Amino acid sequence: MSKALEGVRVLDMTHVQSGPSATQILAWLGADVVKVEALGGDITRKQLRDVPDVDSLYFTMLNCNKRSVTLNMKSEEGKKIFTELVRKSDVMVENFGPGAVDRMGFTWDLLQELNPKLVYASIKGFGEGPYTHYKAYEVVAQAMGGSMSTTGFEDGPPVATGAQIGDSGTGIHAVAGILAALVQRGVTGRGQRVTVAMQHAVLNLCRVKLRDQQRLGHGPLPEYPNKEFGDSVPRSGNASGGGQPGWAVKCAPGGPDDYIYVIVQPPGWVPIAELIGRPELAEDPEWSTPEARLNKLDKMFQLIEEWSVHHSKLDVLAMLNEHNIPCGPILSTKELIEDASLADNNMIVTVDHPERGSFTTVGCPIKLSDSPVKVETSPLLGQHNEDVYVRELGIDPDRFAELQKNGVI
Ligand code: CAO
């Protein structure tokens with residue numbers, strides 16, 4: 001079967017996580033992604049290694065289905081070869097520190113001149129302004145995009161979320177921009193510049209907190225568990241952030257992840273009152289309406305917890321779902337990696353790697369009926385040098401050997 005992005009060639013100048021997460025999605029959607037690495041390789045190949053002398057899981061889990069070539073962009077020969085790669089590519093993606101590609105000599109003006117059809121995507125920490133020249137990592141973006149100030153409990157410090165919203169969250173925004181630019185190119189015949197800032201992507205994901213910032217101007221936020229409000233949206237623990245109250249309540253046997261997140265929609269109250277053994281609360285005017293419960297949500301979730309602590313989170317999941325009550329057990333990473341339904345959905349997949357044997361990774365969350373994804377190994381460093389340089393760019397084998405000897409590839 002064909003693939004959605006078949007025939008699209010991506011020049012992948014990305015490293016670490018934000019950029020590689022984007023180009024991995026493009027590869028899964030069928031693009032031919034050629035990762036161009038410095039002779040030492042993407043730094044993550046060697047970071048957080050679990051097995052000596054083989055590419056780390058950090059690298060293998062973010063670079064599946066790509067090809068790898070090495071190229072010294074600081075050599076004159078390297079720049080010439082890169083020029084040929086640009087001419088043959090549809091998309092170029094990079095997430096180096098600000099100005100790095102310009103310093104290599106490849107400004108947007110030059111890239112456009114070399115290939116007017118090129119879609120050129122850059123991920124940076126920040127947009128135009130005081131921070132433009134600053135580098136950024138995941139939690140820097142979480143700090144500056146609204147996530148950290150709103151995550152955690154009221155009486156504790158700001159907290160980073162375990163979800164990589166700054167890196168992989170930005171990556172998926174970049175994918176959206178690249179795909180839109182490719183569609184527009186189909187009409188105009190021209191490529192364009194796509195830029196995504198990590199701070200902007202996190203802010204986009206914190207949209208509802210900016211909603212609440214404006215609601216604060218009209219008084220306290222009654223659905224928040226907080227008793228006092230200042231001039232900014234406070235950290236609100238596990239409050240749902242939506243129009244329906246929710247909280248994580250403890251379950252048996254009381255381990256660190258033995259919790260379930262329960263949302264109490266108006267129709268859920270009667271069955272919940274029955275389940276927790278307090279049927280009288282279904283009729284009690286002090287409890288029967290969402291408005292009546294609003295000023296005692298902590299007490300409401302305490303009553304639910306007094307019941308849930310006697311049951312496992314999976315039993316509570318089943319019991320609440322019998323009554324169509326939205327809830328989610330807190331699943332640990334161990335539970336997730338062993339989850340049969342995630343494996344059945346190709347979301348937890350095992351991939352053969354030429355040096356580590358096999359590794360487990362997270363599959364592609366975007367499912368297209370006419371473009372199935374088969375997750376395949378990440379490439380070894382420079383594994384495709386010969387394919388790309390000799391067979392595709394037509395470099396003579398003697399010159400190829402010389403380029404290797406001279407540290408150009
Ligand atoms: N050949 C020769 N040199 C190469 C090369 C190649 N193929 N590929 C990269 N380089 C060089 C670049 O030219 C640059 O050198 P100069 O600074 O001398 O111009 C250098 O390698 C890369 O610099 P960098 O600033 O990207 O790398 P860093 O490790 O200092 O910083 C990071 C890393 C992530 C902070 C920075 O790249 C960044 O801010 N990126 C944008 C935001 C981003 O994506 N962050 C998320 C990272 S994932 O958590």
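Going by the structure above, here's the rest.
A brief structural summary. (Residues numbered from 1 in each chain as written. Predicted model: local features only at pLDDT ≥ 70, side-chain atom pairs only at ≥ 80, totals over all residues. Heavy atoms only, no water.)

For the rest of this paragraph, the subject is the sheet that holds strand β2 (residues 32-37). In spatial order, the strands read β3-β2-β1-β4-β5-β6; together these six strands make up an open sheet with parallel pairing. Edge strands, defined here as strands with exactly one partner in the open sheet, are β3 (67-70) and β6 (193-197). Pairwise comparison of adjacent strand axes, ignoring direction, gives a mean angle of 20° for this sheet. This element, helix α1 (residues 18-28), spans β1 (9-13), β2, β4 (91-94) and β5 (119-124) of the sheet and lies at about 150° to β2. Where helix α8 (residues 168-188) meets the sheet, its contacts fall on β4, β5 and β6, and the angle it forms with β6 comes to roughly 165°. (Pairing = 2+ DSSP bridges. Helix = DSSP H or I, 4+ residues; strand = E, 2+ residues; numbered from the N terminus. Axes fitted to C-alpha atoms, helices over the stretch in contact; angles between N-to-C directions. Contact = heavy atoms within 4.5 Å.)

Two measures describe an aromatic ring pair: the distance that separates the ring centres and the angle between the ring planes. Throughout the structure, instances matching the rule amount to eight aromatic pairs. Taking 6.4 Å as the distance between ring centres and 80° as the angle between the ring planes, the aromatic pair formed by Phe 153 and Trp 247 counts as edge-to-face. One end of the pair, Phe 153, is in the loop between α7 (147-150) and α8; the other, Trp 247, is in strand β7 (residues 246-250), and 94 residues separate them in sequence. Using a relative accessible area of 45% as the deciding quantity, one classes Phe 153 as partly exposed. Relative accessible area serves as the criterion here: at 24%, Trp 247 is assigned to the partly exposed category. Cluster of aromatic residues (ring-pair linked, three or more members): Phe 126, Tyr 131 and Tyr 134. Here Arg 193 stacks its cationic end above the ring of Tyr 120, 3.9 Å away from the centre of that ring. Over the face of the ring belonging to Trp 287 we find Lys 296, whose NZ or CZ atom lies 5.3 Å from the ring centre. (Phe/Tyr/Trp six-rings, centres within 6.5 Å; stacked < 30°, edge-to-face > 60°. Buried < 20%, exposed > 50% of the residue type's maximum accessible area, 1.4 Å probe, protein only. Lys NZ or Arg CZ within 6 Å of the ring centre and 35° of its normal.)

This part is about unusual backbone geometry. Following Ala 252, the chain continues into Pro 253 via a peptide bond in cis, with omega recorded as 0°. Along the chain, Pro 253 turns up in the loop between β7 and β8 (259-263). Notably, Asn 65 is not glycine yet its phi reads approximately 60°, a positive angle. Take Asn 65: it is sitting in the loop between α2 (57-60) and β3. Among the residues examined, Asn 65 registers a relative accessible area of 19% and is labelled buried. One non-glycine residue with positive phi stands out, namely Asn 324, at about 65°. In this fold, Asn 324 is placed in the loop between α14 (313-322) and β9 (327-329). Judged by relative accessible area, which is 65%, Asn 324 ranks as exposed.

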